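Listed here are the chains, written in short residue letters.
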Amino acid sequence: MCEPVMLCQLKGAFIGSASTPLLSGVDLTIATGESLVFHGPSGGGKSSLLKSLLGGVHIFRGEYRFRGQSVDVRMLKEIRQAMAYIPQQPEIGKEAVTDYLQRPFSWKVSSGKSFNQREAADWFDRFGLENALLSSSCDRLSGGQRQRLAIVRALMTGRKIVLADEPTSALDDEACQKVVSTLLAGEFTVISASHDPRWMNHCSRRVLVAAGQVGEGQNGADNCKAGRDEKVGV
Amino acid sequence: MNEGGVGLIQLSLFYGILILPLALLWWLGLRQLVHGLIVGVARMTLQLGLIGIYLKFLFDQDSLWLNVFWLLVMVTVANLHILTRAGISKRHLFWVSQFSLLAGVGIVLFGMILVVQPEPWYQTRYLIPLAGMLLGNCLTGNILVLERFYSAVGERYEQFMGDLLLGASLYEALQPFIRNALQAALSPIVATLTTLGVVALPGMMTGQILGGAEPVEAVIYQIMIMLGIASSMVICAVLNIVLSIRIAFDGYGLLNRSVMLSPER
């Protein structure tokens, strides 16, 4: 059984900008505890849809409710602090790995929390990253290592809702398995965008995001059947 | 003509020195650069000639309002040049940049007037050349800071989004970009301060010495100018970048891309 506690709800949402809308009339309800994946062709808008839930892309018409409250600019802070965002291809630059991991702890959001090197090392073990990388610089890391580093950084915030954009795209099978078994084991509510079957097959709910598709609203209670496919309108 | 002075006839003859560089460029097949150099020299001559006449007029008048008007013209021209070269939309950031320049140059100029104590305080002979020195140096600093900052945010937008969407405030997410841009824009002046007098003799000091001033007096002026230049560069650059963020990013913390045009190099 899944708890039908509504987390995010889009009603007739238009995403992008009025002059160039990326998605039109999106109806979607996401419940706490779900592991949902937006899939579909590249450029179809799945990444934008994901970002729009964090205010990273504008929702210029329609309604977005988060935990039952209508979202406006003032609520963005709360939303961004509630969810852990994992970017698609983390561009990190040349900074030291520990600096990259520590930066979120210097933000106001994390006041009171401090960076724990041991915790970072534990996460590194869990995702098959060598501990020696902690004293390396980010530009020496491979694509797969950077991707896992971004996941570690997001999880170190301690948040239980994860928004992941193509979290396994640069990973080999072994690393992918480790990420899947950590993120999709039920501990986290996961909202993701992916076209990787190794990830999609383990998500409890699949939503197709593709040009020309008509939106189909679903209510939370129906969405727990594994592998169920829905369409989101464009 | 006193000893060491340059007359108009001598100056016109000195234009002949250009034959050498022009011949070299021509020989290397850089026809466009030859054309560019000729046009550049012509413009420089015309502009400096006109400004010489205008400055003489300003000096004769020595009027507060005329000076203020001329200062505003200088700041506006500098501002337009900065925004064009940095590839930033004038429609969005003109006033922010104008304010930053006025504040950065104004504060330092005020300090300089307190030190020099000209009589009257707005005496054109001091006010206009000092403002010109400050503005000229703020020009490069501000072009660099805006160009670096906005092109870096544009190129590494996903990195910025990664921080912003993870809960950083707008300024927290932009902090690495702000630091990099300021570092790039201000390290040349730091390098200049470090080597000044050893590697290069500053133009103003050289001009003063050639004009007959005592070296010690020229050095004192030069030190004051360098302190002023460094201070106004930092103030202008920091104000410009911090204030522009309020205009260029919306309530969501997202960059309004229409702020960025392509920079002119």
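Note that this is a predicted model, so its numbers are computed, not measured. One numbering rule holds for all chains: residues counted from 1, following each sequence as written. Here chains are named by letter from A upward and ligands by number from 1 upward, in the order in which they appear as written. Per-residue local features of the predicted model are confined to residues with pLDDT of at least 70, and side-chain atom pairs are confined, for both listing and counting, to 80 or more; whole-chain, interface and lining totals are unaffected and use all residues. Note: side-chain values were computed over all heavy atoms of the structure, leaving out hydrogens and water.

Let's talk about helix H5 (residues 90–116) of chain B
A turn of α-helix holds 3.6 residues, and therefore any two residues three or four places apart point the same way. The N-cap residue of H5(B) is Ser89(B): its side-chain oxygen and the backbone nitrogen of Arg91(B) are 3.4 Å apart. Helix numbering and strand numbering both begin at the N terminus, where a helix is a DSSP run of H or I of at least 4 residues and a strand a DSSP run of E of at least 2. Two residues or fewer after H5(B) comes Gln117(B), characterised by a positive phi angle close to 50 degrees. Polar contact is the term for a pair of N or O atoms within 3.5 Å; when the atoms are in protein, one must be able to donate a hydrogen and the other to accept it, and sequence-neighboring residues count only if both atoms are side-chain atoms.

Remarks on the packing of aromatic side chains
Residues and elements named next belong to chain B. In summary, the pairing rule links any two rings of Phe, Tyr or Trp, Trp by its six-membered ring, whose centres are within 6.5 Å, and it sorts them by plane angle into stacked for under 30 degrees, edge-to-face for over 60 and tilted for everything else. With the rule as written, the count across this model stands at 10 aromatic pairs over all chains. Relative to Phe-160, the ring of Tyr-157 lies with its centre 5.5 Å away and its plane at 50 degrees, an arrangement referred to as tilted. Of this pair, Tyr-157 and Phe-160 both sit in helix H7 (residues 157–164), separated by three residues, roughly a single helical turn. When accessible area is computed with a 1.4 Å probe and restricted to protein chains, residues below 20% of their type maximum are described as buried, those above 50% as exposed, and intermediate ones as partly exposed. Given a relative accessible area of 0%, Phe-160 falls into the buried group. With 5.7 Å between their ring centres and 65 degrees between their planes, Phe-160 and Phe-249 make a pair best called edge-to-face.

Considerations on the side chain of Asp196(A)
Residues and elements named next belong to chain A. Looking at the element boundaries, Asp-196 is found in the loop between strand S8 (189–193) and helix H7 (197–200). The class for Asp-196 is buried, based on a relative accessible area of 8%. Within the local environment of Asp-196, its side chain forms a polar contact with the backbone nitrogen of Arg-198, the two atoms lying 2.9 Å apart. We call two residues in contact whenever any of their non-hydrogen atoms come within 4.5 Å of each other. Contacts of Asp-196, omitting those with residues within four sequence positions, involve Thr-168 and Cys-176.

Looking at the domain arrangement of chain B
Residue and element names in this part refer to chain B. The split into domains, and so the bounds of each, comes from an automatic or database assignment of domains. Per the domain assignment, the segments making up chain B are domain 1 (1–61) and domain 2 (64–259). Spacing between the C-alpha centres of domain 1 and domain 2 amounts to 28 Å. Residue-level contacts link seven residues of domain 1 with seven residues of domain 2. By buried area we mean the combined loss of accessible area, with a 1.4 Å probe, across both parts when two parts are placed together. Both sides of the domain 1 and domain 2 interface together cover about 610 Å² of buried area, and 81% of this is carbon and sulfur. Three residues stand out in domain 1 for area buried against domain 2, namely Tyr-54, Leu-58 and Phe-59, and they jointly supply 74% of the buried area on that side. The working definition used for a salt bridge is a side-chain nitrogen of Lys or Arg within 4 Å of a carboxyl oxygen of Asp or Glu. Along the contact surface separating domain 1 from domain 2 lie zero salt bridges.

Some words on the confidence of the model for chain A
The predicted coordinates ought not to be read in detail in places where the model reports low pLDDT. pLDDT measures how confident the predictor is about each residue, on a scale from 0 to 100. Residues at a pLDDT of 70 or more form 88% of chain A, whose mean pLDDT is 86. Scored below 50 in pLDDT, residues 214–227 of chain A makes 30 contacts in the model with residues more than four places away or belonging to other chains.

Considerations on the interface of chain A and chain B
Each partner contributes to the interface: chain A provides 26 residues, whereas chain B provides 18 residues. A combined buried area of about 2,000 Å² lies between chain A and chain B, and 56% of that area is made up of carbon and sulfur atoms. Our enumeration of links across chain A and chain B arrives at three salt bridges. Here Asp163(B) and Arg103(A) are joined by a salt bridge, their closest N and O atoms 2.2 Å apart. There are seven residue pairs in polar contact (both at pLDDT 80 or more) connecting chain A and chain B. A total of three residues in the side of chain A that touches chain B trace back to one element, the largest contributor, which is strand S6 (residues 83–86) of chain A.

Details of the state of the cysteines
To count as a disulfide, a pair of cysteine sulfur atoms needs to be within 2.5 Å. One pass over the structure, following the stated rule, counts zero disulfides over all chains. Of the cysteine sulfurs around Cys203(A), a residue in no disulfide, the closest is that of Cys176(A), at 10 Å. Given the relative accessible area of 2%, Cys203(A) is considered buried. Among the cysteines around Cys236(B), which has no disulfide bond, Cys138(B) carries the closest sulfur, lying 3.6 Å off. Taking relative accessible area as the criterion, Cys236(B) reaches 0% and is therefore assigned buried.

Concerning the pairing of S6(A)
Residue and element names in this part refer to chain A. Residues Met-83 and Tyr-85 of S6 are buried on one face, and the alternating residues Ala-84 and Ile-86, pointing to the opposite face, are buried as well. For two strands to be treated as a pair, DSSP must find no fewer than two bridges joining them. Here S6 pairs with strand S7 (residues 161–165) via four bridges, running parallel. Its bridge partner being in S7, Tyr-85 is matched across the sheet by Leu-163.

Considering the layout of surface pockets
Residue and element names in this part refer to chain B. With a 1 Å grid laid over protein atoms only, a set of points is called a cavity when a 1.4 Å probe fits there but cannot get out and a pocket when it is open yet has protein on both sides within 12 Å along at least five of seven lines; lining residues have an atom within 4 Å of a point. Grid points are joined across faces, edges and corners, and a volume is the space filled by probe spheres set on the points. Its volume calculated, the largest pocket comes out at about 740 Å³. Taken together, 21 residues form the lining of the largest pocket, with Ile-51, Trp-70, Met-74, Val-77 and Gly-132 sitting closest to its centre. Per element, the largest residue contribution to the lining of the largest pocket is eight residues, and it comes from helix H6 (residues 124–155). As a working rule, the residues Ala, Val, Leu, Ile, Met, Phe, Trp, Tyr, Cys and Pro are called nonpolar, Asp, Glu, Lys and Arg charged, and the rest polar, with Gly in that last group. Class assignment of the residues belonging to the lining of the largest pocket gives a composition of 15 nonpolar, five polar and one charged. Taken domain by domain, the makeup of the lining of the largest pocket includes at least three residues from each of domain 1 (1–61) and domain 2 (64–259).

Examining the pattern of salt bridges
In the structure shown here, the tally under the stated rule is 13 salt bridges over all chains. Two residues, Arg103(A) and Glu95(A), come together in a salt bridge whose shortest N-O distance is 2.4 Å. Two residues, Arg153(A) and Asp163(B), come together in a salt bridge whose shortest N-O distance is 2.8 Å. Taken as a pair, Arg153(A) in helix H5 (residues 143–155) and Asp163(B) in helix H7 lie in two separate chains rather than in one.

Examining empty space enclosed by the protein
Taken as a whole and judged by the stated rule, the model has two cavities of 30 Å³ or more. Here the largest cavity defines a volume of roughly 80 Å³. Pro104(A), Phe105(A), Trp107(A), Val109(A), Ser110(A), Lys113(A), Met156(A), Thr157(A), Arg159(A) and Leu166(B) are the residues that line the largest cavity. Of the residues that constitute the lining of the largest cavity, the class distribution is six nonpolar, two polar and two charged.

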